[in-house]
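Here is how the chains run, residue by residue.
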Amino acid sequence: MNPSARPYRSVLYIPGSKDRALEKARELAADAIIFDLEDAVAPDEKPAARALLQATLAATDYGRRARIVRVNGLDTTWGEADISAFAGADIDALLIPKVSSAADLQAVAERVPSLPLWAMMETARGMLNAAEIAAHPRLAGMVMGTNDLAKELGSRFRADRLPLQAGLGLCLLAAKANGLTIIDGVYNAFKDDVGLRAESVQGRDMGFDGKTLIHPAQLEIANEVFAPSEGEIELARRQIAAFEAAEAAGQGVAVVDGKIVENLHIVTARQTLAKAQAIAALNAT
C-alpha cells in the first residue's frame, strides 16, 4: 500500500507483554497497531516484553495493519536495548516517547539506519518545538499524548478539550506543513461511546488522520468517523465531474449545489476518493 494513502483511522495500543492481546490483534479491525513497550508494561516486565514482542512480530502476519513499536526513551534503563532490538525489524515505524526536540529524534535516527520514525507529542516543550520536530527528515508521523500533556500542564478534563487546543493546534500545523501523518490522543472512558464519538468528530474536523485507542470496543466508532461518508464520496465525484466539464468549456470554476468549485476543492475531492479507495482495499483483506 502507498504509505501516503494508508488509512490511520484507528490506531490501537496493544501491550507488548500480553501474549493473548498480541494474538488477538491479528483479527481486530484496526488500521494500525502500536505495540507498546513503554507505558503499558511494568518496569520488571520490560525485558521479557521486548523479547516476546520481537519474536511475535517476526513470526506473525498482521495483514495490512500498520505495525508501530513504541519503545522506551533513551533516557531510561530500557531504551537503548529496545531500539537495538527493533532497529532492523520488519515493522512500519518506531515510535519515540516524549519527544521534546529534534535532537531527541536525531539520537534515535543515528541508531536506526532506515526505519521511519514517529514521535509522541506529549510534553509542553514538545508543543513549543513542534515545527522543529516535524521538520526532521526521518520523521513520518506524530501521535498526540494528551494524557501526559494534560498532566504536565496541570489542566482539568473538559469535553471540549479547550485546555489542550493550543498544543493540538501547534502539532497539527507542524505535521501538515511537513506532510506527516498525525494521530489524535486517546479517549480514556472506553465504555462511553457518546463521548468517544464527540471527541473523534472534533479531532477529524480539526484535521487529524485518526485516533489512538485503548480498547478494541472503540474501533468501530473511530473507523466510521475518520472515513469519508457516502455523502462526501458522492459529492467529491460530482465536484470532479463538474470541474472537468467546466475546464473542457474553457472555464476555471464550476458550480455544484449552488457553491463555487475551484481547483483547491478538486484537490480535496481527489484526496477523499483516494482515502475511500485505500480503506476499501484494507477492508478487503
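What you are looking at is a predicted structure, and each value in this text was computed from that prediction instead of being measured. Numbering of residues starts from 1 in each chain and follows the order in which that chain's sequence is written. Where local features are concerned, this predicted model is filtered to residues with pLDDT of at least 70; where side-chain atom pairs are given and counted, the filter is 80 or more; whole-chain, interface and lining totals use all residues. For the side-chain quantities, the full set of heavy atoms in the structure was used; hydrogens and water were omitted.

Thoughts on the overall build of the chain
- Per the secondary structure count, the chain includes 12 helices and 10 strands.
- Taking 285 residues into account, the globule formula puts the C-alpha radius of gyration at 19 Å, and the chain, at 20 Å, falls close to it.
- Considered along the principal axes of its C-alpha atoms, the chain spans approximately 70 × 40 × 40 Å.
- Buried means the residue's accessible area, taken with a 1.4 Å probe over protein chains only, is under 20% of the maximum for its type, while exposed means over 50%, and partly exposed covers the values in between. A burial count over the chain gives 48% of its 285 residues as buried.
- The contact rule is simple, with two residues in contact once any of their heavy atoms fall within 4.5 Å. Counting only contacts in the chain whose residues sit at least 6 apart along the sequence, the fraction spanning at least 24 positions is 66%.
- Per-residue and other accessible areas follow the Shrake-Rupley method at a 1.4 Å probe size, with only the shown protein chains counted as cover for residues. Accessible area of the chain: about 13700 Å², with a carbon and sulfur share of 53%.
- Charged residues are defined narrowly, with Lys and Arg counted positive, Asp and Glu counted negative, and His plus the chain ends left uncounted. For this purpose, a charge sits on NZ of Lys, CZ of Arg, CG of Asp or CD of Glu. Here the chain holds 30 positive side-chain charges and 37 negative ones, and the gap between their average locations is 2 Å. By the criteria applied, helices consist of DSSP H or I runs no shorter than four residues and strands consist of E runs no shorter than two, each listed in order from the N terminus. A radius of gyration in this sense is built from C-alpha atoms; the matching globule rule multiplies 2.2 Å by the number of residues raised to 0.38.

Let's talk about the packing of aromatic side chains
- Aromatic contacts are taken between Phe, Tyr and Trp rings whose centres are within 6.5 Å, Trp giving its six-membered ring; a plane angle under 30 degrees counts as stacked, one over 60 as edge-to-face, and the others as tilted. Overall, the coordinates contain 2 aromatic pairs when judged by the stated rule.
- Look at Tyr8 and Trp118: their rings are 5.2 Å apart centre to centre, the planes differ by 55 degrees, and that puts the pair in the tilted class. With a gap of 110 residues between them, Tyr8 in the segment before strand E1 (10-15) and Trp118 in strand E5 (residues 117-121) connect regions that are remote in the sequence. Side by side, Tyr8 and Trp118 carry an identical accessibility label, which is buried.
- Consider the rings of Phe35 and Tyr62, whose centres lie 5.1 Å apart with planes at 65 degrees: the pair is edge-to-face. Here the residue Phe35 occupies a position in strand E2 (residues 32-36), and Tyr62 occupies one in the loop between helix H2 (46-59) and strand E3 (66-70), the gap between them amounting to 27 residues.

Some thoughts on the pattern of salt bridges
- Salt bridges are counted wherever a side-chain nitrogen of Lys or Arg sits within 4 Å of a carboxyl oxygen of Asp or Glu. Taken as a whole and assessed by the stated rule, the structure comprises 22 salt bridges.
- Linking Arg161 and Asp184 is a salt bridge whose minimum nitrogen-to-oxygen distance equals 2.7 Å. Linking Arg161 in the loop between helix H7 (146-153) and helix H8 (165-177) with Asp184 in strand E7 (residues 181-184), this pair joins segments that are 23 residues apart in sequence.
- Given a relative accessible area of 4%, Arg161 falls into the buried group.
- A relative accessible area of 0% means that Asp184 is categorised as buried.
- When salt bridges that share partners are traced, they join Asp36, Glu38, Asp39, Arg70 and Lys98 into one network.

Digging into the layout of surface pockets
- A 1.4 Å probe that fits but cannot get out identifies a cavity on a 1 Å grid over protein atoms alone, an open set with protein on both sides within 12 Å along at least five of seven lines counts as a pocket, and a residue lines either if it has an atom within 4 Å of a point. Grid points are joined across faces, edges and corners, and a volume is the space filled by probe spheres set on the points. In this structure, the second largest pocket spans a volume of roughly 410 Å³.
- Lining the second largest pocket we find 24 residues, and of these Tyr13, Asp36, Ala40, Val186 and Ile214 sit closest to its centre.
- Those elements that place two or more of their residues in the lining of the second largest pocket are E1, helix H1 (19-24) and H7.
- Residue type decides the class: Asp, Glu, Lys and Arg count as charged, Ala, Val, Leu, Ile, Met, Phe, Trp, Tyr, Cys and Pro as nonpolar, and the leftover types, Gly among them, as polar. Of the residues contributing to the lining of the second largest pocket, the split by class is 11 nonpolar, 6 polar and 7 charged.

Topic: unusual backbone geometry
- For Arg161, which is not glycine, the phi dihedral falls at a positive 55 degrees.
- The backbone phi angle of Asp257 is positive, close to 55 degrees, even though this residue is not glycine.
- With respect to the helices and strands, the residue Asp257 is situated in the loop between strand E9 (254-256) and strand E10 (259-261).

Some details on the pairing of E1
- Counting buried residues along E1, 5 of its 6 residues qualify, which places the element largely inside the surrounding structure.
- In this scheme, strands are said to pair when DSSP sees at least two bridges between them. Sheet analysis places E1 next to strand E8 (residues 210-213), joined by 3 bridges and oriented parallel. The residue of E8 that forms the bridge with Ser10 is Lys211.
- Sheet topology note: the E1/E2 ladder contains 5 bridges and is parallel. By the bridge assignment for E2, Ile14 is matched with Phe35.

Re the packing of H2 against helix H3 (residues 79-86)
- Only the contacting stretch of a helix is used when fitting its axis, a line to C-alpha atoms as for every element, and angles between N-to-C directions run 0 to 180 degrees. At their nearest, the axes of H2 and H3 sit 11 Å apart, and the two run at 10 degrees to each other. Relative to H3, the element H2 lies roughly parallel. Counted together, Arg50, Leu53, Gln54 and Leu57 of H2 and Ala81, Asp82, Ala85 and Phe86 of H3 form the full contact between these two elements.
- Counted by class, the contact of H2 with H3 contains 5 nonpolar, 1 polar and 2 charged residues. Every angle not falling under 35 degrees, over 145, or within 65 to 115 is termed oblique; those three ranges are roughly parallel, roughly antiparallel and roughly perpendicular.

Note that every value here comes from positions in space, so none of it alone points to a role or purpose.
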